[in-house]
Amino acid sequence: MKKTFFKLIYAAGAVLVVSTMPSCNTEKLTDLNKNPDAIEYVIPEYSFTAAVLGSGPGENYRALGQGLQYFSSYKEVPATGDKFYNFNGTAGNFNVYTGQWNRLLQLAKQIPGAENVNKRAAVEILRILAFHQQTDLMGDMPYTEAMKGLDVLKPKYDTQKSIYTAMLTELETALKSMDATKPNVFGNADPYFKGDIAKWKKFGYTLMLRLGMRLSDVEPATAKSWVEKAVAGGVMTANSDIAYLKYANVTGQMNPRVNTYIAGDFTSPGGDNVEGSKWSGKFIDHLKNTNDPRLPVISVVWVPSGGSYTANNTPSVQRGMINGSINTKPTDFDTYSEPSLLYIDRGSPIITMGPAEAYLIIAEAAARGWSVGTTAQAAYENGVRAAMAQWALWPSVAPHSGVITTAQVDAYIAANPYPAAGTFAQQLEAISTQKWVSLLGDDYEVYSNWRRTKYPVFNYANWTVGGNKVSYPGNVTAGKMWRRFSLPIAERNVNPDNYFEAIKRQNYSEEQVDLLQGRMWWDVGPGTGQSN
């Protein structure tokens, strides 16, 4: 009885204490879990700056830098595109959805209203810029049903043809919506153009020009229409129009691509580079044979001198290493050319798009007889001049300077004239080869242009057996350069029906050894772009 009495007393006391306490504020309790240093809402200016910084052209040093014969390596394991020793670097990914596209969609939701029309148009330009590179790598991808969240967990794969149709239409809509009477594009938060609406329109129409020309062989009438429309809209024509990302040789502000070069190969001047890379013979020989004034800007031979190395950028001593020809360190390794300290300066810029590319596309359009307001020769020469001039954006690093004089450019054009009287194939080769040189660093765009035009022609059979040149032994592609990247294998597990439909539609199968020779929708014709 006594125990029961005390239990009642304790219970009553507990009720009294609870009833006299202030009521609990659940919102304040939730606040305890918040990071006071974290931003939990979107700041449009910050998001846009991040989107621009993430919009630079892709670079694939091993698979494409070697495969497009800019670089060569004597080692096997890193020789992805030099000897096609493995498939490293050729697996596509869907990071564009969770990364750039997601960022841009979230940003677009934060800038409604007529006053933000120019900002939304710029966001759309960046979205299409990001996506076209991915479809050009992998072909069919989710597009119309992509980014629908919980509403569509297993999106269908659109055909590349329908993706291109949508991208061009959406790009045109965005460009037509831009209004010079409305506020600019994020002002100083815009790393490209400081908000300049006119320059953003040129950027967008140059992108339209690029995408339109991609259809030149598969749908020439459609290509002609879009290219002419882009030129009429106004594309990049001056170096002040260049969209490029600025960096500085300061911690946290360095060119990430250069950091990769340095860590992966060119840690110190001279000696055995980490992964055994040098400029390729195909690239250096072309620059030497054409007396290209860019050669002493981007290339150097490190000459042993008293226990150290001295840079020599004299054109006559430059020497490239032949792709797929050696697999042990050659005794004359020091005599091969590698990137100059100017080219791999941590404060060097990355060009996203500029007038050099625009003029060279227009030159091809004119050569095809399309109405672009100029001759192919004039556009070609303007493209060369713009490409030469853009090297002045690089910081000078002795003994190199990025400044190429007008006299040097004039001499180059005179020695390497546009083949106006030649066949269309000769003209296309001249234009595409000039793109190969002028768009150095924009690996994915050069890769797409090469697959479309089949120029320049590369030779991948350089291994000598019994006095004959053959493809490197043990290569995984039958000695061929890949024409596509594989779709992410993870898609087989999360979206199997649509994934298998897409790969079947594009004529490749997981049940067979895929040599990555399947072509993009726009990669047509009998040519391959390689001589072996």
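Here, the structure is the one placed above.
Not measured: the values here are computed from a predicted model. (Residues numbered from 1 in each chain as written. Predicted model: local features only at pLDDT ≥ 70, side-chain atom pairs only at ≥ 80, totals over all residues. Heavy atoms only, no water.)

S.K.: So what about the packing of aromatic side chains? Which residues, and what values?
M.R.: Counting across every chain of the model gives 40 aromatic pairs. Judged by centre distance (5.5 Å) and plane angle (50°), the rings of Trp200 and Phe203 are tilted. Here Trp200 pairs with Phe203, and both are found in helix H8 (residues 197–213), just 3 residues apart, close to one helical turn. Here Trp200 and Phe203 have matching classes, each one buried. Aromatic side chains Tyr261 and Tyr343 sit 6.1 Å apart centroid to centroid with 35° between the ring planes, which places their arrangement in the tilted category. Here Tyr261, found in helix H10 (residues 256–264), pairs with Tyr343, found in the loop between strand S6 (338–339) and strand S7 (350–353); they are 82 residues apart in sequence, far enough to count as distant. (Phe/Tyr/Trp six-rings, centres within 6.5 Å; stacked < 30°, edge-to-face > 60°. Helix = DSSP H or I, 4+ residues; strand = E, 2+ residues; numbered from the N terminus. Buried < 20%, exposed > 50% of the residue type's maximum accessible area, 1.4 Å probe, protein only.)

S.K.: Explain a nonpolar patch on the surface residue by residue, including any values.
M.R.: There is a patch of nonpolar side chains on the surface, built from Ile39, Tyr41 and Tyr46 and spanning about 400 Å² of accessible area. Structurally, Tyr46 can be placed in helix H3 (residues 44–53). Judged by its relative accessible area of 57%, Tyr46 is exposed. (Patch = residues over 30% accessible without salt bridge, like charges linked within 9 Å, V, L, I, M, F, W, Y side chains within 5 Å. Areas by Shrake-Rupley, 256 points an atom, 1.4 Å probe, with all protein chains shown as cover. Salt bridge = Lys/Arg side-chain N within 4 Å of Asp/Glu carboxyl O.)

S.K.: How would you sum up helix H17 (residues 443–453)? Please name residues and give values.
M.R.: Most of H17 is tucked away: 11 of the 11 residues are buried. Where H17 is concerned, the buried positions are Asp443, Tyr444, Glu445, Val446, Tyr447, Ser448, Asn449, Trp450, Arg451, Arg452 and Thr453. Buried residues belonging to H17 abut helix H4 (63–67), helix H6 (117–138), H8, helix H13 (355–367) and helix H16 (424–438). Just past H17, the residue Lys454 takes up positive phi, approximately 70°. (Contact = heavy atoms within 4.5 Å.)

S.K.: Lay out the side chain of Gln427 with the relevant residues and their values.
M.R.: By secondary structure assignment, the location of Gln427 is in helix H16. Polar contacts involving the side chain of Gln427 include one to the side chain of Tyr418, which spans 3.5 Å. Of note is the side chain of Gln427, whose polar atom sits 3.4 Å from the backbone oxygen of Gly422. With sequence-adjacent residues up to four places away left out, Gln427 is seen in contact with Ala367, Tyr418, Pro419, Ala420 and Gly422. (Polar contact = N/O pair within 3.5 Å; in protein donor to acceptor, adjacent residues only side chain to side chain.)

S.K.: Run through helix H7 (residues 160–177), naming residues and quoting values.
M.R.: The periodicity of an α-helix, 3.6 residues per turn, causes residues three or four positions apart to be oriented the same way. Along its 18 residues, H7 runs 26 Å from first to last C-alpha, staying within 8% of the 26 Å computed at 1.5 Å per residue. Taken together, the buried positions of H7 are occupied by Gln160, Ile163, Tyr164, Ala166, Met167, Leu168, Leu171, Glu172, Ala174 and Leu175. On its buried face, H7 sits against H6, H8 and helix H9 (220–233). (Expected span 1.5 Å × (residues − 1).)

S.K.: Could you give an account of the nonpolar core, naming the residues involved and the relevant values?
M.R.: Counting 128 residues, the largest nonpolar core has Phe48, Leu126, Trp200 and Phe203 as its most contacted members. For this core, the element with the most residues is H6, which contributes 11 residues. Setting aside residues up to four positions removed in sequence, Phe48 forms contacts with Leu107, Ala122, Val123, Leu126, Val185, Phe186, Ala189, Asp190 and Trp200. (Core = buried A, V, L, I, M, F, W, Y, C linked by side-chain atoms within 4.5 Å.)

S.K.: How would you sum up the environment of Thr173? Please name residues and give values.
M.R.: Turning to its location among the elements, Thr173 is positioned in helix H7. On the basis of relative accessible area, Thr173 is assigned to the exposed category, the value being 52%. Each C-alpha atom, one on Thr173 and one on Gly383, is 28 Å from the other, the two residues being 210 residues apart in sequence.

S.K.: Help me get a handle on the pattern of salt bridges, residues and values and all.
M.R.: Within the structure shown, the criterion is met by 27 salt bridges. Glu364 is the partner of Arg452 in a salt bridge, and the nearest nitrogen-oxygen pair spans 2.7 Å. You can see Arg452 sitting in helix H17 and its partner Glu364 sitting in helix H13, a full 88 residues away along the chain. Comparing Arg452 with Glu364, the two get one shared label, buried.

S.K.: Residues and numbers for unusual backbone geometry, please.
M.R.: The omega angle of the peptide bond from Ala398 to Pro399 is 5°, so this bond is cis rather than trans. Locating Pro399 in the fold gives a position in the loop between helix H14 (376–389) and helix H15 (406–415). At the junction of Tyr455 and Pro456, the peptide bond is cis and its omega measures out at -5° in the coordinates. Relative to the assigned elements, Pro456 resides in the loop between H17 and strand S8 (463–465). Look at Met147: it is not a glycine, yet its phi comes out positive at around 60°. Looking at where Met147 falls in the secondary structure, it is placed in the loop between H6 and H7. Not every positive phi belongs to a glycine, and Lys454 is a case in point at roughly 70°. With respect to the helices and strands, the residue Lys454 is situated in the loop between H17 and S8.

S.K.: Pulling in residues and values, what's your account of the packing of H6 against H7?
M.R.: Here H6 crosses H7 at 160°, and the two axes come no closer than 9 Å. As the angle between them shows, H6 and H7 are arranged roughly antiparallel. Considering only the axes of H6 and H7, their crossing is left-handed. Where H6 approaches H7, its residues Val117, Ala121, Glu124, Ile125, Arg127, Ile128, Phe131, His132, Thr135 and Asp136 are matched on the opposing element by Gln160, Ile163, Tyr164, Met167, Glu170, Leu171, Ala174, Leu175 and Ser177. Its residues assigned to classes, the contact of H6 with H7 comprises 11 nonpolar, 4 polar and 4 charged. (Axes fitted to C-alpha atoms, helices over the stretch in contact; angles between N-to-C directions. Parallel < 35°, antiparallel > 145°, perpendicular 65-115°, else oblique. Left-handed = near helix turned anticlockwise from the far one by under 90°. Nonpolar A, V, L, I, M, F, W, Y, C, P; charged D, E, K, R; others polar.)

S.K.: Can you break down the sheet that holds S6 residue by residue, with the values?
M.R.: On the basis of which strands lie adjacent, the open sheet formed by 3 strands has the order S5-S4-S6 and antiparallel pairing. Two strands close off the open sheet at either side, each with one partner strand: strand S5 (308–312) and S6. Pairing of strand S4 (residues 299–305) with S5, which is carried by 5 bridges, proceeds in the antiparallel orientation. The residue bridging Val303 from the neighbouring strand is Thr310, located in S5. (Pairing = 2+ DSSP bridges.)

Just distances and angles here, no functional claims.
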